Amino acid sequence: MNILIVNEYAANAGNTHAITNYMRVGAELGHNIAIYGPPQPDVVDGWYLPPEMQHARFSTDLKAFDRIVFFFESKLRHVKRLPEVAMLGTFPRKHRYILDADGRFNPYIVVDGYDRSHKDEAEQALWRGYYEALADKIIKPTIARDKDPRVTTLPFYGFDPSEVIKPEHVPPKKYDILHVGHNWYRWKDMSEEILPALEQIRGEIAGDIGFLGLWWDGVPEWAHAMGLEPAYRVDTERFRKLRIKVEPPVNYTEVVHAMSTGRINIFTQRPYLAHVKHLTLRYFEEFCADTIPLLMLSNDLAEAVYGPAGRELTLPGRAAEKILDALRRPDYYRGLVEDVRKYMLANHSFRHRVEELVTALSD
Amino acid sequence: MKVLLVTYVDPWVRSVSTVHKWVAAGRALGHDVAVYGEPKADLPNLKFTTDLTGVDIALFVIQVVSDFPEMPHLVRVLDGITREKRVLVDLWAHYNDTVRLEHDFNHLEKLDNHQGWEWEEAIAAVSDTIVQPTLNPLRPNVGSFLFHGFAPEAVVNPYASAAEAAAAWREATPAAKPYGVVYVGNNWQRWEQMRRFLEQYAPVREEVGKAALVGWDWAERPEWAIKQGIAGIDTDPAMLARFGIELRQAVRFDEVKGLMGKGRFSPVFHRPLFRHLGYATIRTFETFEADTLPMLMLPRDYVEATYGAGALALVPGDDVGAFMKDALRRPEPYWQAVLDTRAHLARHHSFAQRFRELAALLRAGPGPSGGRG
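Residues numbered from 1 in each chain as written. Chains lettered and ligands numbered in written order. Predicted model: local features only at pLDDT ≥ 70, side-chain atom pairs only at ≥ 80, totals over all residues.

I keep staring at the overall build of chain B and nothing clicks. Help me out?
Helix and strand content of chain B: 16 helices and 14 strands. Taken along its principal axes, the extent of the C-alpha atoms in chain B is 60 × 50 × 40 Å. Going through the 373 residues of chain B one by one, you find that 49% of them count as buried. Pairs at least 24 apart in sequence give 76% of the contacts found in chain B among residues at least 6 apart. (Helix = DSSP H or I, 4+ residues; strand = E, 2+ residues; numbered from the N terminus. Buried ≥ 20, exposed ≤ 12 C-beta atoms within 10 Å, placed from the backbone. Contact = placed C-beta atoms within 7 Å.)

Here is the structure:
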């Protein structure tokens with residue numbers, strides 16, 4: 001199958017990275033997958049891209065493809081008008097698909113009282129109207145079933161064992177506990193689960209606790225004016241008392257390496273996406289690092305994604321106990337991590353992903 | 001025939017005047033013509049619709065990128081109207097190899113953020129029936145369809161005779177015709193022609209009367225053009241001041257003819273690209289609806305093919321001043337040429353004729369077929 005992907009290309013973005021895996025594995029399976037656009041440079045913002053990104057395929061030859069998949073993330077309008085005209089005039093509706101990469105094809109819902117699917121109901125209607133105009137078939141990266149007959153669910157992201165950090169590249173451990181990611185709708189998990197647990201056991205943790213990412217050192221000034229204070233809420237005084245080290249974000253290409261500086265990594269997901277069981281690249285990236293991922297996910301979701309071992313890595317309701325146990329019995333937890341990797345290799349390889357995608361795009 | 005015009009209309013620019021004439025002529029001829037989209041308060045006489053049922057033909061009227069509707073309207077119209085019922089009229093010559101003439105062009109990425117191939121692919125993706133407003137398209141798969149037209153019923157003063165017209169013109173009071181020359185149009189790729197025209201006008205300006213340029217960017221080269229290094233929007237404020245040229249702000253489309261009628265003469269210029277391609281524009285025909293003496297600053301073969309042989313008398317050639325002086329001295333032959341040309345345009349370039357051509361395009365299907373203007 002010849003599949004053209006239309007996305008907000010960013011060399012350092014997870015979606016683009018995942019797509020390049022589809023290209024690589026797809027080629028092995030006889031499929032031609034490319035991103036719409038002219039070839040892109042290998043160096044972005046001074047950073048050399050990882051090898052797989054350097055081999056990303058690009059094309060503007062619409063006639064060379066028989067399916068088109070529009071990725072939607074943060075913006076509805078991300079395609080220039082004339083290429084958009086050419087795409088819509090070239091691909092009949094039955095061969096157009098939408099990949100709902102940010103969970104926008106859902107009803108307007110508020111989760112945990114502060115995170116929400118859309119800014120408001122009007123925005124939800126705008127997105128829905130746009131999607132419904134563009135295509136009849138929508139692909140959601142989730143493992144949850146969807147009652148809407150237009151929706152196909154598949155995990156989309158996958159596990160590439162070659163991305164597991166090599167032993168010789170594993171950095172020294174700087175932190176006992178690490179969280180890598182921005183403060184974006186994380187405060188409920190933090191204030192109700194993680195920080196109380198850390199406050200309970202801080203005296204028993206010898207090493208450092210680190211948070212790498214933006215907005216852990218305070219709510220940005222502009223957030224209040226934009227009505228986004230809840231998204232960035234943080235209590236710097238609690239962080240200070242816990243002696244949490246807040247560090248700048250790391251480049252996309254450095255995430256796995258950075259996570260490997262922590263004995264334990266705490267994985268959180270914004271409540272709305274967790275609620276709709278929306279899988280992100282981080283679900284798989286966590287297990288590429290040399291660390292013990294502990295998951296702020298429900299047991300059922302963890303098992304559904306990671307297999308039985310996933311249940312033993314969850315934090316809700318037992319965060320203090322789990323963190324201490326993982327620090328005290330690292331070998332046992334490393335065994336769980338290996339079990340998860342085996343499960344992912346069997347169920348979430350990009351070979352699986354490509355086959356699922358091709359099936360979803362077949363008439 | 002139910003005709004849907006797919007384009008962006010703005011009371012200040014591009015083809016809004018012609019679009020009004022399509023809607024009005026359609027109404028008079030029993031056709032249902034509407035512009036695709038939601039009603040616009042500043043264009044109350046245009047019919048808009050998003051109802052695609054029963055559309056016989058969707059005419060995509062394309063000049064700039066924004067003439068293609070925004071999403072999701074774009075996909076609704078493409079999915080809602082089958083390809084065979086779509087015709088695209090390429091008013092700004094994008095569906096050609098890249099052309100550069102003087103400072104003019106048909107593709108310029110730094111202006112609209114799109115390259116030539118993007119234009120070509122978008123146009124070809126919309127329809128197999130691509131037409132251009134010229135009698136002689138360059139590409140074999142492009143048809144001829146002038147799109148713009150002449151509306152006899154819209155002539156401001158439909159004089160019965162050249163004598164009557166000449167008398168009215170000669171005897172017009174300063175209040176009725178305060179200018180010798182009025183040019184209504186923006187400074188876009190016309191400066192060289194305008195400069196030459198004004199230089200020839202200057203020696204006779206006392207006899208002819210004051211000249212006015214009405215439109216954007218005659219007073220100075222705009223900042224955005226300087227920043228982007230886009231030429232062809234040049235001007236010479238010192239020369240304009242020396243010749244006593246009055247510069248006036250742009251006007252809405254429905255004030256154009258009234259303003260042209262404030263001058264005894266109104267020149268018709270085509271930008272270099274359109275001149276080269278033999279394109280018709282709004283002003284090609286609209287100037288003959290105004291109560292003014294058109295001066296056709298166009299190639300003679302183009303004038304004869306489009307306006308008829310009678311219009312050759314309205315081509316000043318290389319001596320604009322002599323033309324004006326002679327017209328002032330003996331206006332009747334010139335007005336006879338205007339009336340003859342109006343009659344020619346009414347026979348060959350009315351909107352009734354355009355509807356027939358459009359129907360022929362629809363019947364003929366893709367390729368360079370019927371509808372030759």
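Still to come is the rest of the account.
Looking at this structure, I do not really get the overall build of chain A. What am I missing?
In terms of helices and strands, chain A carries 16 helices and 16 strands. The C-alpha radius of gyration computed for chain A amounts to 21 Å, which stays within 12% of the reference 21 Å derived for 363 residues, consistent with globular compactness. Dimensions along the principal axes, computed over C-alpha positions, put chain A at roughly 65 × 45 × 40 Å. Relative to its 363 residues, chain A shows a buried fraction of 44%. In chain A, the share of contacts with a sequence separation of at least 24, taken over all contacts with a separation of at least 6, comes to 77%. (Rg over C-alpha atoms; globule rule 2.2 N^0.38 Å.)

I would appreciate a short explanation of the domain arrangement of chain A in the present structure.
By a widely used convention, the size of an interface equals the accessible area lost when the partners come together. All names here are of chain A. For chain A, the domain assignment lists domain 1 (2-158 + 349-361) and domain 2 (162-347). Placing the centre of domain 1 and that of domain 2 at their C-alpha centroids yields a distance of 27 Å. Facing 25 residues of domain 1, the contacting portion of domain 2 comprises 23 residues. Every element with two or more residues in the side of domain 1 that touches domain 2 is listed here: helix H1 (14-28) and strand S9 (115-116). Residues of the side of domain 1 that touches domain 2, tallied by class, amount to 12 nonpolar, 10 polar and 3 charged. (Domains from an automatic or database assignment. Nonpolar A, V, L, I, M, F, W, Y, C, P; charged D, E, K, R; others polar.)

What am I meant to see in the domain arrangement of chain B here?
Residues and elements named next belong to chain B. Considered domain by domain, chain B is made up of domain 1 (2-149 + 350-364) and domain 2 (152-348). Here domain 1 and domain 2 have C-alpha centroids that lie 26 Å from each other. Between domain 1 and domain 2, the contact holds 25 residues from the first and 27 residues from the second. Elements with a minimum of two residues in the side of domain 1 that touches domain 2: helix H1 (16-29), strand S7 (104-105) and helix H3 (109-112). Broken down by element, the side of domain 1 that touches domain 2 gets its largest block of residues, 3 residues, from H1.

What is the right way to look at the sheet that holds strand S7 (residues 96-100) of chain A in this model?
Note on sheets: strands pair through backbone hydrogen bonds, and any given pair is parallel or antiparallel. All names here are of chain A. Strand order in the open sheet made by the 7 strands is S5-S2-S1-S6-S7-S10-S11, with parallel pairing throughout. Among the strands making up the open sheet, the edge pair consists of strand S5 (58-59) and strand S11 (151-153). Relative to strand S2 (residues 32-36), H1 is tilted by about 150°, and along the sheet it contacts strand S1 (2-6), S2 and strand S6 (67-72). (Pairing = 2+ DSSP bridges. Axes fitted to C-alpha atoms, helices over the stretch in contact; angles between N-to-C directions.)

Just checking my understanding: could you explain the pairing of strand S16 (residues 292-295) of chain A for this structure?
Side-chain positions along a regular strand alternate between the two faces of the sheet. Residues and elements named next belong to chain A. Burial along S16 is two-sided: the face carrying Ile292 and Leu294 and the face carrying Pro293 and Leu295 are both buried. Where strand S15 (residues 262-267) meets S16, 4 bridges bridge the pair, whose relative direction is parallel. Each residue of the ladder has a partner; that of Phe267, found in S16, is Leu295.

Would you explain the interface of chain B and chain A in this entry?
The interface of chain B with chain A comprises 17 residues on the first partner and 16 residues on the second. Elements with a contribution of two residues or more to the side of chain B that touches chain A: helix H2 (73-80) and helix H4 (116-126) of chain B. Counting residues per element, the side of chain B that touches chain A draws most heavily on H4(B), which supplies 6 residues.

Please explain the sheet that holds strand S9 (residues 142-144) of chain B as it appears in this structure.
All names here are of chain B. Taken together, 7 strands build an open sheet; the order of strands is S3-S2-S1-S4-S5-S8-S9 and the sheet is parallel. Since the sheet does not close on itself, it has two edges, and those belong to strand S3 (48-49) and S9, each with one partner. Relative to strand S8 (residues 129-132), strand S5 (residues 86-90) is paired through 3 bridges, and the arrangement is parallel. The partner of Leu88 across the bridge, within S8, is Ile130.

Explain the packing of H1(B) against helix H16 (residues 351-364) of chain B to me, please; I cannot follow it from the model alone.
The relative placement of two packed helices comes down to the angle between their axes together with the axis-to-axis distance. All names here are of chain B. Packing of H1 against H16 leaves a shortest axis separation of 9 Å and a crossing angle of 85°. Considered as vectors, H1 and H16 are oriented roughly perpendicular to each other. Contacts between H1 and H16 pair Lys21, Trp22, Ala25 and Leu29 from the former with Phe351, Ala352 and Phe355 from the latter. Per-class residue counts for the contact of H1 with H16 are 6 nonpolar, no polar and 1 charged. (Parallel < 35°, antiparallel > 145°, perpendicular 65-115°, else oblique.)

For this particular structure, what's the right way to read unusual backbone geometry?
The phi torsion of most residues other than glycine is negative, and most of the peptide bonds are trans. Residue and element names in this part refer to chain B. That bond from Met71 to Pro72 is cis: its omega, 0°, falls within 30 degrees of zero. Relative to the elements of secondary structure, Pro72 occurs in the loop between strand S4 (57-62) and H2. Of note in the backbone geometry, Phe147 takes a positive phi value of approximately 65° without being a glycine. Summarising the element assignment, Phe147 is placed in the loop between S9 and helix H5 (162-171).

Can you help me understand helix H16 (residues 350-361) of chain A in this one?
Side chains three or four residues apart in an α-helix point the same way, a direct result of the helix having 3.6 residues per turn. Residue and element names in this part refer to chain A. In this model H16 runs 16 Å from its N-terminal to its C-terminal C-alpha over 12 residues, within 8% of the 16 Å that 1.5 Å per residue would give. Of the residues making up H16, those classed as buried are Phe350, Arg353, Val354 and Leu357. The buried residues of H16 occupy an angular sector of 95° when the element is viewed end-on, so they sit on one face. Each element contacted by the buried residues of H16 is listed here: H1. (Expected span 1.5 Å × (residues − 1). Arc of directions from axis to C-beta.)

Quick question: what am I supposed to make of the pairing of strand S13 (residues 263-268) of chain B here?
Residues and elements named next belong to chain B. For S13, the tally of buried residues reaches 6 of 6 residues, placing the bulk of the element in the interior. Of the pairings in the sheet, the one linking strand S10 (residues 179-184) to S13 comprises 2 bridges and is parallel in character. The residue bridging Tyr179 from the neighbouring strand is Gly263, located in S13. Pairing between S13 and strand S14 (residues 293-296): 4 bridges, direction parallel. Paired with Phe265 across the strands is Leu293, a residue of S14.

Explain the nonpolar core here, please?
Considering soluble globular proteins, one finds that nonpolar side chains tend to be buried as a cluster. Grouped together as the largest cluster of nonpolar side chains are 204 residues, with contacts concentrated most on A:Ile5, A:Val6, A:Ile98, A:Leu294, B:Leu5, B:Leu59 and B:Val89. Ignoring sequence-local partners within four residues, the contact set of B:Val89 consists of B:Leu59, B:Phe60, B:Val61, B:Ile62, B:Val131, B:Pro133, B:Phe145 and B:Phe147. (Core = buried A, V, L, I, M, F, W, Y, C linked by C-beta atoms within 7 Å.)

Would you explain the environment of B:Val315 in this entry?
With respect to the element layout, B:Val315 can be found in the loop between helix H13 (300-307) and helix H14 (320-329). Ignoring any residue separated from it by four or fewer positions in sequence, one finds B:Val315 in contact with B:Leu296, B:Leu298, B:Arg300 and B:Val303.

What exactly am I supposed to notice about the packing of helix H5 (residues 187-201) of chain A against helix H14 (residues 319-328) of chain A here?
Residue and element names in this part refer to chain A. Two elements in contact, H5 and H14, have axes whose closest approach is 8 Å; the angle formed by their N-to-C orientations is 60°. Relative to H14, the element H5 is oriented oblique. For the pair H5 and H14, the crossing hand works out as right-handed. Within the contact between the two elements, H5 uses Glu193, Ile194, Ala197, Gln200 and Ile201 and H14 uses Ala319, Ala320, Ile323 and Leu324. (Left-handed = near helix turned anticlockwise from the far one by under 90°.)

Which parts of the structure should I look at to understand H1(A)?
Residues and elements named next belong to chain A. An ideal rise of 1.5 Å per residue puts 21 Å on 15 residues; H1 measures up with 22 Å between its terminal C-alpha atoms. For H1, the tally of buried residues reaches 11 of 15 residues, placing the bulk of the element in the interior. By the burial criterion, the buried members of H1 are Asn15, Thr16, His17, Ala18, Ile19, Thr20, Asn21, Tyr22, Met23, Val25 and Gly26. Positive backbone phi, at 90°, marks Gly30, one or two positions downstream of H1.

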